[in-house]
Amino acid sequence: MGEYKDFSEEINRKIEEIQTKVITGEVTLLDVELFPIFENLKDSLNTGNLNRYSITYKNASQLLIQKFEELKILINNIDRKEGFLKFLKSNPEDSEIYQLLNDCWIKPFNIESLSLDFLEYSRDKLSVKRGYPTSIEHIEKVEVKDTFLLEVPEQKFTEKMLNFYNNIKNKLPCSFDEIFEGDQNQIRIYENFVYLLHLLQLGKINYQKETNFLYI
Amino acid sequence: MNEFTILMHLLSNKTNKIQIGASKEEILKALNIHGKNESVYFQDLITHLSSYIEPLGLQIRFNPLSSRWYMAFEMQTSDFFSANPFEGKPRLAATLFCTLIYCLKNLGIAKIQDIKEIRKKKHIIEDLKDLRKMGYLQLDDKLGKVSLTPLIGYQLDLNKLFIKLALKVKDQES
């Protein structure tokens, strides 16, 4: 069994310290970062310390709830614009207001050297109709009464080939072209050509290349 | 060249002194995003670009005074660039702050008389004129009213300021 790290006591001590500081008014919970406590809990949690950690987690959550309460009070204060006016009416020094504004200043970031023409040209190229995000539509299911069966030819290949052979054997000997002449159906021509190749391979029909003639 | 290039341009673009960045609608139009999920896609783009520029010390912010998204240096980096436009001018900063609070109270418009009374200082009109010159205010001398331009919303983290102020008020009350 491996060694389990257990920081529950340490974390509990930290929570108690914070609570003491809050009770004595040394700090408000809004000034305290609770994130490290939860991060520590999460990182060191394992099956060995689960029981102890559940209590620690409860204590940390209690602290978080308290913090939310403080935040609620603060938000209520923010909403009290009269409170702000009261502050102004207390005649604060310019330096006090100046101090209040400290840490609140922001420097906007502007890039004025970017070529707007190029960007607009690129944007126009990018502005193609988007299909994002794709909506998924369910396809309507259609009830089919019949059962599906794979369509298979009525006759076997050999039978069809022999039929073809019987049909042409009286023509033979004849030229290769005569076998197919008169037939306009491309699929049937292709089918008959396949039969012919097989018949040639089987030796039931012969072919003379020089005269382009088929014979038995 | 991709959506982020265009987004970078839109968010860092300074149309004039008081108009920086782009509104959500402008961004959606520029990127040809529409449909019922446009907000999700928009949020997705902003989040992703934020994570890309974070290591560069940049962040994407929203100016509530102009409803525009824009790019800014992170707070710590902003300190480095001396972002405070009122360096060495606490009086002007205080006058602007008072105007801000009164505008917040009165739906965006403040009476010059109220600011004069609360500041209890001379040269308030000069301050307001200076602030107008700097682009922060619009003055209506005839009506005796003043309103904010969106500029301060780009340069000041209003949320942070109000939280600090609320804490200060709370401290004063307790």
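Before reading further, recall that the structure is shown in the block above.
First things first, this report covers the structure right here in the doc. Small disclaimer: the values here were computed from a predicted structure and weren't measured. (Residues numbered from 1 in each chain as written. Chains lettered and ligands numbered in written order. Predicted model: local features only at pLDDT ≥ 70, side-chain atom pairs only at ≥ 80, totals over all residues.)

Some remarks on the overall build of chain A
When its secondary structure is counted, chain A shows nine helices and three strands. In chain A, the succession of helices and strands from N to C terminus is α-α-α-α-α-α-α-β-α-α-β-β. Considering chain A as a whole, with its 216 residues, one finds that 12% of them fall into the buried category. (Helix = DSSP H or I, 4+ residues; strand = E, 2+ residues; numbered from the N terminus. Buried ≥ 20, exposed ≤ 12 C-beta atoms within 10 Å, placed from the backbone.)

So, the overall build of chain B
Scanning chain B from terminus to terminus reveals nine helices and eight strands. For chain B, the residues scored as buried account for 33% of the 174 residues in total. For chain B, contacts bridging at least 24 residues in sequence account for 52% of all contacts bridging at least 6. (Contact = placed C-beta atoms within 7 Å.)

A word on the nonpolar core
Residue and element names in this part refer to chain B. Grouped together as the largest cluster of nonpolar side chains are 51 residues, with contacts concentrated most on Ala93, Leu96 and Phe97. Ranked by residues supplied to this core, first place goes to helix α5 (residues 90-105) with ten residues. Excluding anything up to four places from it in sequence, leucine 96 contacts Leu131, Tyr136 and Ile152. (Core = buried A, V, L, I, M, F, W, Y, C linked by C-beta atoms within 7 Å.)

Side note on the sheet that holds strand β2 (residues 206-208) of chain A
Residue and element names in this part refer to chain A. The antiparallel open sheet is built from three strands, whose spatial order is β1-β3-β2. A single partner strand is all that each edge strand has here, and the edge strands are β1 (174-175) and β2. Two strands pair when backbone bridges link them, and β2 and strand β3 (residues 213-215) are joined in this way by three bridges, in the antiparallel orientation. What sits directly across from tyrosine 207, in β3, is leucine 214. (Pairing = 2+ DSSP bridges.)

Considering the sheet that holds strand β7 (residues 137-140) of chain B
Adjacent strands of a sheet form backbone hydrogen bonds with each other and so pair up, either parallel or antiparallel. Residue and element names in this part refer to chain B. Pairing in this open sheet of three strands is antiparallel, and the strands run β6-β8-β7 from one edge to the other. In this open sheet, the two strands that pair with only one neighbour each are β6 (109-111) and β7. In this sheet, adjacent strand axes meet at a mean angle of 25° when their direction is disregarded. In the sheet, β6 pairs with strand β8 (residues 145-148) via three bridges, with the strands oriented antiparallel. By the bridge assignment for β8, isoleucine 109 is matched with serine 147. Strands β6, β7 and β8 of the sheet are contacted by α5, whose axis makes an angle of about 95° with β8. (Axes fitted to C-alpha atoms, helices over the stretch in contact; angles between N-to-C directions.)

Details of unusual backbone geometry
Residues and elements named next belong to chain A. A cis amide bond links leucine 172 with the next residue in sequence, proline 173, at an omega value of -5°. Along the chain, proline 173 falls in the loop between α7 (157-168) and β1. With phi around 55°, asparagine 91 is a residue other than glycine that occupies positive phi space. Assignment of secondary structure puts asparagine 91 in the loop between α4 (81-89) and α5 (94-101). Unusually for a residue other than glycine, aspartate 103 sits at a positive phi of about 70°.

Some thoughts on the environment of Val27(A)
Residue and element names in this part refer to chain A. Tracing the backbone through its elements, the reader meets valine 27 in the loop between α1 (8-23) and α2 (35-44). On the basis of neighbour counts, which here come to 12 C-beta atoms within 10 Å, the residue valine 27 falls in the exposed class. With residues near it in sequence (within four places) discarded, valine 27 still touches Lys21, Val22 and Val32.

Description of the pairing of strand β4 (residues 58-63) of chain B
All names here are of chain B. Direction of pairing for β4 relative to strand β5 (residues 68-73): antiparallel, over a ladder of six bridges. Across the sheet, residue asparagine 63 finds its bridge partner in β5, namely arginine 68. Linking β4 to β5, which pair antiparallel, is a turn of four residues; within it serine 67 sits at a positive phi near 55°.

Considerations on the interface of chain A and chain B
Counting residues at the interface gives 37 residues for chain A and 49 residues for chain B. Ranked by residues supplied to the side of chain A that touches chain B, first place goes to α4(A) with eight residues. Within the side of chain A that touches chain B, the residues separate by chemical class into 20 nonpolar, eight polar and nine charged. (Nonpolar A, V, L, I, M, F, W, Y, C, P; charged D, E, K, R; others polar.)

Section: helix α6 (residues 112-119) of chain B
Residues and elements named next belong to chain B. When α6 is considered as a whole, its buried residues turn out to be Asp114, Ile115 and Arg119. Looking straight down α6, one finds that the buried residues subtend no more than 120° of arc, so they occupy a single side. Seen from the open side of α6, the exposed residues pointing more than 90 degrees away from its buried face are Gln113 and Glu117. Where the residues of α6 are buried, they touch α5, β6, α7 (124-133) and β8. Of the residues trailing α6, lysine 120 is marked for its positive phi of about 50°. (Arc of directions from axis to C-beta.)

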